[in-house]
Amino acid sequence: MSLRHALLGLLEDGPASGYDLTARFEKSLHKYVWTARQSHVYPELNRMADDDLIAVGEQGARGRRTYTITDLGRAELRAWLLAPASARAVRDEQVLRMSLLSTLTTDEARQLVRGYLADAETGHAELIDIAAAADAEAHPRGRLRFGRLAIEYGIRSYQAQQEWARWALEQLEASATGD
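The model shown is predicted, which means the values in this text are computed figures rather than measured ones.

### A closer look at the packing of aromatic side chains
Phase 1 of the analysis: Under the definition given, this model contains one aromatic pair.
Phase 2 of the analysis: Both rings, one in Tyr-116 and one in Trp-164, keep their centres 5.4 Å apart while their planes meet at 85 degrees; by these two values the pair is edge-to-face. Of this pair, Tyr-116 sits in helix α6 (residues 106-136) while Trp-164 is found in helix α7 (residues 148-177), placing the two residues 48 residues apart along the sequence.
Phase 3 of the analysis: Residue class for Tyr-116 comes out buried when judged on its relative accessible area of 9%.
Phase 4 of the analysis: Among the residues examined, Trp-164 registers a relative accessible area of 29% and is labelled partly exposed.

If you want it as structure tokens, here you go:
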């Protein structure tokens, strides 16, 4: 995935300034899908405008620009969405830590897994709240607007993480008692 495609998707949800896009990014994508800083967003918006994927709709005070997606931008987003996904680079520090639990004492491993479980419970609760808010908001495209399916994916991923952590705690308990 590229920042370009994420921004096109956010603009498909409606016109926005660079500041608004950064805020939308932070609210809907940053923690769960893709990380981008304001210092990344503005240069990419300029490149996208140069490539005619977006247009400046309005220019306001202090140079604030509102961007809209163009037909070429929609075509680019659509082509990217329909193309086969490239190989995924996986870098998950928590999973790496879990794969190395055998280097710890059983008590240390339990503590780490309990922390993982607590994080998964917190993330799950946050996404449930985000989903409820998304479902309650009126939007021209209805409930399945940008990101709602991804939110559900995150909810189910957190459920799986919780299930795994509870199973891992059972395994650690069994190994401690010699079963």
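### Regarding the pairing of strand β2 (residues 54-59)
Both faces of the sheet carry side chains from a regular strand, because those side chains alternate between them.
Phase 1 of the analysis: Direction of pairing for β2 relative to strand β3 (residues 65-69): antiparallel, over a ladder of five bridges. Within the sheet, the bridge partner assigned to Ala-55 lies in β3 and is Thr-68.
Phase 2 of the analysis: Between β2 and β3, which pair antiparallel one after the other, the connecting turn spans five residues, and Arg-62 there sits at a positive phi close to 55 degrees.

### Some points on the packing of α6 against α7
Phase 1 of the analysis: Where α6 meets α7, the closest approach of the two axes is 8 Å, and the angle between their N-to-C directions is 160 degrees. The angle between the axes of α6 and α7 places the two elements in the roughly antiparallel class. Of the two possible hands of crossing, α6 and α7 adopt the one that is left-handed.
Phase 2 of the analysis: Looking at side-chain class alone, the contact of α6 with α7 contains 19 nonpolar, seven polar and eight charged residues.

### Observations regarding the nonpolar core
Phase 1 of the analysis: Leu-7, Leu-8, Leu-11, Leu-21, Leu-45 and Ile-54 are the most contacted members of the largest nonpolar core, which has 17 residues in total.
Phase 2 of the analysis: Among the elements of the structure, α1 (3-12), α2 (18-28), α3 (38-50) and β3 are those that each provide at least two residues to this core.
Phase 3 of the analysis: Excluding residues that lie within four positions of it along the chain, Leu-21 makes contacts with Leu-7, Leu-10, Leu-11, Ala-16 and Leu-45.
Phase 4 of the analysis: Counting 10 residues, the second largest nonpolar core, distinct from the first, contains Met-98, Leu-101, Val-113 and Leu-117.

### Here we look at the environment of Ala-160
Phase 1 of the analysis: Relative to the helices and strands, Ala-160 is located in helix α7.
Phase 2 of the analysis: With a relative accessible area of 44%, Ala-160 lands in the partly exposed category.
Phase 3 of the analysis: Taking C-alpha positions, Ala-160 is 8.9 Å from Ala-120, a pair spaced 40 residues apart along the chain.

### Here we look at the confidence of the model for the chain
Keep in mind that low pLDDT regions are not for reading the predicted coordinates in detail.
Phase 1 of the analysis: The pLDDT averaged across the chain works out to 85; a share of 87% of its residues lies at or above 70.
Phase 2 of the analysis: Summarising per-element confidence for the chain, the mean pLDDT is lowest in α2 (79) and highest in helix α4 (residues 71-82) (94).

Reading the values: rules and limits
- Residues numbered from 1 in each chain as written.
- Predicted model: local features only at pLDDT ≥ 70, side-chain atom pairs only at ≥ 80, totals over all residues.
- Heavy atoms only, no water.
- Phe/Tyr/Trp six-rings, centres within 6.5 Å; stacked < 30°, edge-to-face > 60°.
- Helix = DSSP H or I, 4+ residues; strand = E, 2+ residues; numbered from the N terminus.
- Buried < 20%, exposed > 50% of the residue type's maximum accessible area, 1.4 Å probe, protein only.
- Pairing = 2+ DSSP bridges.
- Axes fitted to C-alpha atoms, helices over the stretch in contact; angles between N-to-C directions.
- Parallel < 35°, antiparallel > 145°, perpendicular 65-115°, else oblique.
- Left-handed = near helix turned anticlockwise from the far one by under 90°.
- Nonpolar A, V, L, I, M, F, W, Y, C, P; charged D, E, K, R; others polar.
- Core = buried A, V, L, I, M, F, W, Y, C linked by side-chain atoms within 4.5 Å.
- Contact = heavy atoms within 4.5 Å.
- pLDDT = per-residue confidence, 0-100.

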